[in-house]
Amino acid sequence: MFELTEEHKILFSTIEKFAKEKIAPVSNKIDEEDEIPREIYMELRDMGLLGITIPQKYGGSEFDMKTYAGILEIVGKYSGGLALSLEAHNSLGLSHIFEFGNEVQRERFVQKIINSANPVAWGLTEPQAGSDAKNLLTTAKKEGKHYILNGSKIFITHGVLSDYIVIIAKTDNGITSFIVSGDSDGLTKSKIKGKLGMRGTDTAELNLDNVPVPAENMLGKEGDGYRQAMKILDGGRIAIAAISVGIAQAAVDSSLKYMKERSAFNKTLDNFEALQFSISELQTDIEAGRLLVYKAATLKDSGDSYRKTAAMAKYFTSKTAMKAADFAIQVHGGYGYFSEFGINRLLRDAKLLEIGEGTSEIQKLIIFRELTKD
Amino acid sequence: MVNIIVCIKHVPDTETRIKIKEDKKGIETTGIKYIISPYDEFALEEAIRIKEKHGGTVTAITMGPKRADDILRTALAVGADNAIHILSENGDSINTVMTIGEVIKTLPYDIILTGKEAVDYGMGVFPSGIAEYLGINNINNVTKLDISNRSLVASRQVEGGDEIVEASFPVVISAQKGLNTPRYPALPNIFKAKKREVKILDAKSISVPPFISGGSLVELSLPPPKKGAKMVEGQTPEEIAAKLIKMLKEEAKVL
């Protein structure tokens, strides 16, 4: 079930090479400056990473979820911020337009977004409502051939950069989603400063003040938005879990490397049993988590229900990433606490994984509901 | 239209921790990741750029065991048109030159591109060897290449500078670092490449003239571990400089 094919091996080693040569040299800079260099998006586009699961007919790479998860794990090892950007673009905004868009919308937006190398945004969260998505306050009122949107959105990945934003709002018949142009009248976008980790990805606050959106930009029917958003989040969780595995693996790899080099009391750190045990425990958790990610991805690929497994994967791997990053700082001591080695970034990045796209508590709620439903 | 042949070799990843086998005649290959030899990667990229600019076909050739198939797939994914795999478990430089030479003789070719050396054994015999075997022009260590009208002008690195050399087709060019920056394949092309045909030939079925190998491998050994750097300490630059000169004279004996 989890055997890699020859082409997957070549594909993953190509990504690893790209990550080593192009991402690793700038990953600290991405964190410090809280910005991803534009050239990186262009290279990601040229390699086919800005439409990973989208069919080739629409300009995508047409990879399955398992391949996508493997790609995100590798990118996550080198830069959490960049991996999160790829995730938000592919799993949230682009997937929403592709999965719930009609043929006209797919033709009109999907290839254009991929080619532009400008990541797309997805706007669900509001100041007063995150996972409690039925409590949204943003409204969309139909007026002639348009819907008029009012309200505000917060913590929106790619909110400033994107040419298009999927906005989820309340309409007369429930919750509905729309493709909103980034340069719409009445839309104000501002970058949110002071982010702990996952820096580089543009995180924004959006204010919608009588923003007119053409009715043909509605995704699906009025009232479909809640179900759509929950489905998109299910898929996103697999991707977040894949990034978690990558960050955890980076923490263990760098710790092990440092343990072999650093001496204390006349022997290198890898001779200390307490540290050996920690490495063994963490690597076991990583490999168990990776299997959960692959299981959820395989279920999604085969069209089976994956909500519970995706929630489990995200809950378990994000916790593992936190544990592994915490250990990495501890083992690196002062060198871990400071930024230069990129170790403290792992912990700061990992924390987002327990919060974004549903906190760990929400994951546990989902798991319980799935276990007890008839 | 330029017919280009690129000769590439699969070698252990340069980050591999090499372990020598007990008989000291080879290295442990289990767990080793193989890559296209970096100089061959420059050659491959240059071939594709020439094709994109001037038209033509790129044929990638490798000689090696079954696992070398990977690098041909990568070559196809970045833009090679054809791929030939000469299956062989081992072969010394001369044998490799002659076997690949025999295969190239059956193909149309204007430019043969390859790396200046493979990063495994680093013999550097192949580029000039293949030119000699085919009796054609050869420019090595090339860092810049311009093609025009069935000939080319190449810059090659020589001690202390560059030499500009002109040659007519057919010609063997060996690539040095700096020739170009190799591209990454678009990932969907890796999957497409897997479905494309790689022509497989058995080295044993290719007859080469009788030859006496120039040498045989006696023993492999790892380089001695590097000694750490020595810091010259002192209060003033003058004092440090004086100490350094003393060390260079007395310890390193280079002055």
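Above this text is the structure in question.
Residues numbered from 1 in each chain as written. Chains lettered and ligands numbered in written order. Predicted model: local features only at pLDDT ≥ 70, side-chain atom pairs only at ≥ 80, totals over all residues. Heavy atoms only, no water.

Some details on the overall build of chain B
Okay, so step 1: For chain B, the count of helices and strands is six helices and 11 strands.
Okay, so step 2: Its C-alpha atoms put chain B at 70 × 50 × 45 Å along the principal axes.
Okay, so step 3: Split into buried and exposed, the 255 residues of chain B put 43% on the buried side.
Okay, so step 4: Within chain B, contacts between residues at least 6 apart in sequence are counted, and of these 69% link residues at least 24 apart. (Helix = DSSP H or I, 4+ residues; strand = E, 2+ residues; numbered from the N terminus. Buried < 20%, exposed > 50% of the residue type's maximum accessible area, 1.4 Å probe, protein only. Contact = heavy atoms within 4.5 Å.)

Looking at helix α4 (residues 126-134) of chain B
Okay, so step 1: Within α4 of chain B, burial applies to Phe126, Pro127, Gly129, Ile130, Ala131 and Leu134 of chain B.
Okay, so step 2: Note on α4 of chain B: the residue one or two positions beyond its end, Gly135 of chain B, has a positive phi of about 70 degrees.

Considerations on the packing of aromatic side chains
What describes a pair of aromatic rings is the distance from one ring centre to the other and the angle between the planes of the rings.
Okay, so step 1: Following the criterion strictly, the structure yields nine aromatic pairs over all chains and no others.
Okay, so step 2: Pairing Phe18 of chain A with Tyr184 of chain B gives two aromatic rings, centres 5.1 Å apart and planes at 90 degrees, and the pair type is edge-to-face. Of this pair, Phe18 of chain A sits in helix α1 (residues 6-23) while Tyr184 of chain B sits in the loop between β10 (171-175) and α5 (187-195), each in a different chain. There is no split in this pair, since Phe18 of chain A and Tyr184 of chain B are both buried.
Okay, so step 3: In this structure, Lys267 of chain A is placed above the aromatic ring of Phe272 of chain A, and the distance from its NZ or CZ to the ring centre is 4.9 Å.
Okay, so step 4: The ring of Tyr39 of chain B has Lys116 of chain B sitting right over it, with the charged end atom 4.8 Å from the ring centre. (Phe/Tyr/Trp six-rings, centres within 6.5 Å; stacked < 30°, edge-to-face > 60°. Lys NZ or Arg CZ within 6 Å of the ring centre and 35° of its normal.)

Examining the pattern of salt bridges
Residue and element names in this part refer to chain B.
Okay, so step 1: Counted according to the given criterion, the structure contains 39 salt bridges over all chains.
Okay, so step 2: Between Asp110 and Arg150 there is a salt bridge; the shortest N-O distance is 2.6 Å. Taken together, the residues span a long stretch of sequence, with Asp110 in the loop between α3 (93-105) and β6 (111-115) and Arg150 in the loop between β7 (137-148) and β8 (151-158) at a distance of 40 residues.
Okay, so step 3: Arg150 sits in the partly exposed class, given a relative accessible area of 45%. (Salt bridge = Lys/Arg side-chain N within 4 Å of Asp/Glu carboxyl O.)

Some points on the packing of α1 of chain A against α5 of chain B
Okay, so step 1: Here α1 of chain A crosses α5 of chain B at 150 degrees, and the two axes come no closer than 9 Å. In terms of orientation, α1 of chain A lies roughly antiparallel with respect to α5 of chain B. Regarding α1 of chain A and α5 of chain B, the two cross each other, and that crossing is right-handed. Contacts between α1 of chain A and α5 of chain B pair Glu6, Glu7, His8, Ile10, Leu11, Thr14 and Ile15 of chain A from the former with Leu187, Ile190, Phe191 and Lys194 of chain B from the latter.
Okay, so step 2: Grouping the constituent residues of the contact of α1 of chain A with α5 of chain B by class yields six nonpolar, two polar and three charged. (Axes fitted to C-alpha atoms, helices over the stretch in contact; angles between N-to-C directions. Parallel < 35°, antiparallel > 145°, perpendicular 65-115°, else oblique. Left-handed = near helix turned anticlockwise from the far one by under 90°. Nonpolar A, V, L, I, M, F, W, Y, C, P; charged D, E, K, R; others polar.)

Points about the pairing of strand β4 (residues 164-171) of chain A
Residue and element names in this part refer to chain A.
Okay, so step 1: With respect to burial, β4 is a largely interior element, seven of its eight residues being buried.
Okay, so step 2: The pairing of strand β1 (residues 121-123) with β4 spans three bridges and is classified as parallel. Note on β4: the bridge partner recorded for Ala121 is Ile165.
Okay, so step 3: Pairing geometry for β4 and strand β5 (residues 174-181), over eight bridges, is antiparallel. Within β5, the residue paired with Tyr164 across the bridge is Ser181.
Okay, so step 4: Turn length for the β4-β5 hairpin, with the two strands adjacent in sequence and antiparallel, is two residues. (Pairing = 2+ DSSP bridges.)

Remarks on unusual backbone geometry
Apart from glycine, the bulk of residues carry a negative phi angle, and the bulk of peptide bonds sit in the trans form.
Okay, so step 1: Here the bond from Phe169 of chain B into Pro170 of chain B is cis, since omega is -10 degrees, no more than 30 degrees from zero.
Okay, so step 2: Here the phi dihedral of Asp34 of chain A falls at roughly 55 degrees; this positive angle occurs in a residue that is not glycine.
Okay, so step 3: Structurally, the position occupied by Asp34 of chain A is in the loop between α2 (27-33) and α3 (38-47).
Okay, so step 4: One non-glycine residue, Phe265 of chain A, lies in the positive phi region at around 50 degrees.
Okay, so step 5: You can see Phe265 of chain A is positioned in the loop between β9 (263-264) and β10 (267-268).
Okay, so step 6: The exposure class assigned to Phe265 of chain A is exposed, which follows from its relative accessible area of 76%.

These results come straight from atomic positions and should not be treated as a statement about function.
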